[in-house]
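Read off the chains here:
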Amino acid sequence: PRPSASWAAAAWFSSAWLADSVNFVPAGQKLHVASGGSATPPPPPPLEQQRDTIFALSSGAGRSAVAVVRISGPGADAALRRLMLANAALPPPRAAALTSLQAPDGTGMLDRALVLRFPGPRSFTGEDCAELHLHGSPAVVRAVLGALGMLRLRPAEPGEFSRRAFDAGKLDLTQVEGLADLLAAETESQRRQALLHSTGAVRRQHEHWRQTLLTCLARLEAVIDFGEDEEIADDVAAGVLPLVQALQQEVEGHLAAAAGGELVRSGVRVVIVGPPNAGKSSLLNLLAGHEAAIVSPFAGTTRDPVTVQLELGGVKVMLTDSAGLRRTQCPIEAEGVRRAVAAAQQAHLVLHVSDAAASSAEEAPDEGAGESMPELPLSPHAVHMRVVNKADLLGSRRTAAGPAAGAAAAAAAAAASSGGGSLVPAGVQAACVDESREGAAAGAACSTTAAAASAPPRMQQGAAPPAAPDSADRQQNFAAPAAAGMHLVSCQTGEGIEQLVAALKQQVLALVGQSGDAGFSGALVTRARHRHHLGEAVAAMRRYKAAAGEIELACEELRAAARSLGRVVGAIDVEEVLSSLFEEFCIGK
Ligand SMILES: Nc1nc2c(ncn2[C@@H]2O[C@H](COP(=O)(O)OP(=O)(O)OP(=O)(O)O)[C@@H](O)[C@H]2O)c(=O)[nH]1
Ligand SMILES: [Mg+2]
């Protein structure tokens, strides 16, 4: 079951933050003032605006062994007292107590539950909190939530507990985001990355960066404030520049890894494309471990893209099978092809699957044919891998014509699916086969496959029983195409699949920025919001270099960079410049 709806909060929260102005000050946090101004303590909130007490089911909905209901606000203890027997004492802070919960309207016992209290400010929200660990049936949960409603507590809005935690300064923005990611984590890499954010590692890193900027700023402002002569000003500026440059490079390094961090969250999109009947759906089913897509000997079986979710090397992968690429008179199939092309354009990794048997020398498209094929415009940023399927059908050709023929067949098959000889096709031609023009070849391929499919499985190994070269032989025969980034496989016999999965995993890990076997520790930049603010910080640091001669302008750029870093974590304490200044310089001197 999904965690409580409160986790829609993260998205709402980030957008609320983005909408806020530069001077956004979370309630309960320090008031931020411009450098040179004076700090005014925030007024205490008026009594009538004091928070109400909220409650919600914090564990998943539905039947479970235990359900956790959380209460937060000034009325938490009073609510507990009303639910407990008159003579029962409230449990001590942070200790679980087995308690009988009673309906406040006197209708009897609600449940026998474990109750915990977390008096503020040492609680998740900073307010008085309580947790009721109930028997996890929908009826018990409903009865207890109803009872809390009777006590005039308010059901929590989505994300309201986290919002209160943020307002109380318990969590910064990256921790709130990390917490949301942690609750949504499906893979090992997502779990690790979310933990990095939720435990405050990202906040600490940003604070460290911001502190460096504020230190630089303090030095420059001292020159302005104390009107040092030009020589000293130049010396101070020369001392600050390498610090800013080093920081800029460090932030740029993290920005370069941003794509990987975002991919870990969203999942790597892998799309299988190729001509009809190449075995795309068979490959999807094999990788998914279940029959997700329909496989049939008829070309043009798949129409809608079929997506399954996998975990490769601890990374979430969305694997999509698509319609066979060809020109067709059938409007439904044509729509399928359009969707296949669209999916391939959005892919991070494209698997170009072709049929080794159909693309042997006699069936390979002629030179001119490629030009009349429509373009499959693929992102040059995507990774492209070639998969030549139905290796089992090559057996007899390999023995008849020798290794070279096999290699040529595999290469021709790859060419048929990607339209070129290189691993990463630029403006890939392709993969489309003109149904009408191809005519006889398509028909032949179809009828051959259809005959094979209707025959007992052993017969599908090929019309003439191959001499069955051992696997070492095959490796040798196809060493050349494999080195060129091709994978010769058979979805039917499983040949080459293990190697393909290993190669796929390697590419996926490379895409998220992880190489080798070292555990994935997570990226610092995992959202467009982080990328935006860090990009702004880098831009300001670049401008700082350009403006270094004009000390006031240069200071302004450093302030802008610090503000951008502050926005990532949701705090912009320009006032800290003042304390830095006093720490660095002896005023009395
Ligand atoms: N001999 C042999 N047949 C295979 C292999 N892989 C798939 N086939 C057969 O090839 C035919 C087409 O397979 P599909 O997986 O439906 O092919 P597809 O590329 O998804 O086809 P479309 O959806 O029509 O584009 C089926 O009869 C499969 O059983 C293989 O490795 N060897
Ligand atoms: Mg298919």
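As a starting point, this report considers the structure included with it.

Rules of the game
Residues numbered from 1 in each chain as written. Chains lettered and ligands numbered in written order. Predicted model: local features only at pLDDT ≥ 70, side-chain atom pairs only at ≥ 80, totals over all residues. Heavy atoms only, no water. Pairing = 2+ DSSP bridges. Helix = DSSP H or I, 4+ residues; strand = E, 2+ residues; numbered from the N terminus. Axes fitted to C-alpha atoms, helices over the stretch in contact; angles between N-to-C directions. Donors = N, O, S within 2.8 Å, 3.2 Å for Na, K, Ca; no water. Buried < 20%, exposed > 50% of the residue type's maximum accessible area, 1.4 Å probe, protein only. Near = heavy atom within 4 Å. Polar contact = N/O pair within 3.5 Å; in protein donor to acceptor, adjacent residues only side chain to side chain. Areas by Shrake-Rupley, 256 points an atom, 1.4 Å probe, with all protein chains shown as cover. Nonpolar A, V, L, I, M, F, W, Y, C, P; charged D, E, K, R; others polar. Contact = heavy atoms within 4.5 Å.

**Brief notes about the sheet that holds strand 14 (residues 486-488)**
Consideration 1: The six strands are arranged 8-9-7-11-12-14 in an open sheet whose pairing can be described as mixed. Of all strands in the sheet, those with a lone pairing partner are strand 8 (306-312) and strand 14, marking the two edges. Neighbour-to-neighbour, the strand axes of the sheet open up by a mean angle of 25°, direction not taken into account.
Consideration 2: Pairing of strand 7 (residues 268-273) with strand 9 (residues 315-321), which is carried by five bridges, proceeds in the parallel orientation. Across the sheet, the residue bridging to V268 is V317, located in strand 9.

**With respect to the coordination of the magnesium ion (ligand 2)**
Consideration 1: Only S281 (OG) and T302 (OG1) from the protein coordinate the magnesium ion (ligand 2), and they sit 2.0 Å from it. On the criterion of sequence distance, the pair formed by S281 in helix 10 (residues 280-288) and T302 in the loop between helix 10 and strand 8 is long-range, its members being 21 residues apart.
Consideration 2: By relative accessible area, T302 is classed as buried at 12%.

**What to know about the site of ligand 1**
Consideration 1: In the region of ligand 1, 25 residues are neighbours, and N277, K280, S281, S282 and G300 sit closest.
Consideration 2: One of the side-chain N or O atoms of S490 is found 3.2 Å from an oxygen atom in ligand 1.
Consideration 3: Protein chains bury 94% of the 650 Å² of accessible surface belonging to ligand 1 in isolation.
Consideration 4: Residue classes in the shell around ligand 1 are distributed as eight nonpolar, 14 polar and three charged.

**Observations concerning the sheet that holds strand 5 (residues 129-135)**
Consideration 1: Across the sheet, which stays open at both edges, the six strands sit in the order 3-4-5-2-1-6 with mixed pairing between neighbours. Edge positions in the open sheet fall to strand 3 (97-102) and strand 6 (154-155), since each of these has one partner strand only.
Consideration 2: Inspection of the sheet shows strand 1 (residues 54-57) paired to strand 2 (residues 66-72) by four bridges, in the antiparallel sense. When the bridges of strand 2 are listed, I54 appears paired with S72.
Consideration 3: Where helix 4 (residues 160-167) meets the sheet, it contacts strand 1, strand 2 and strand 6, and its direction lies at approximately 130° from that of strand 1.

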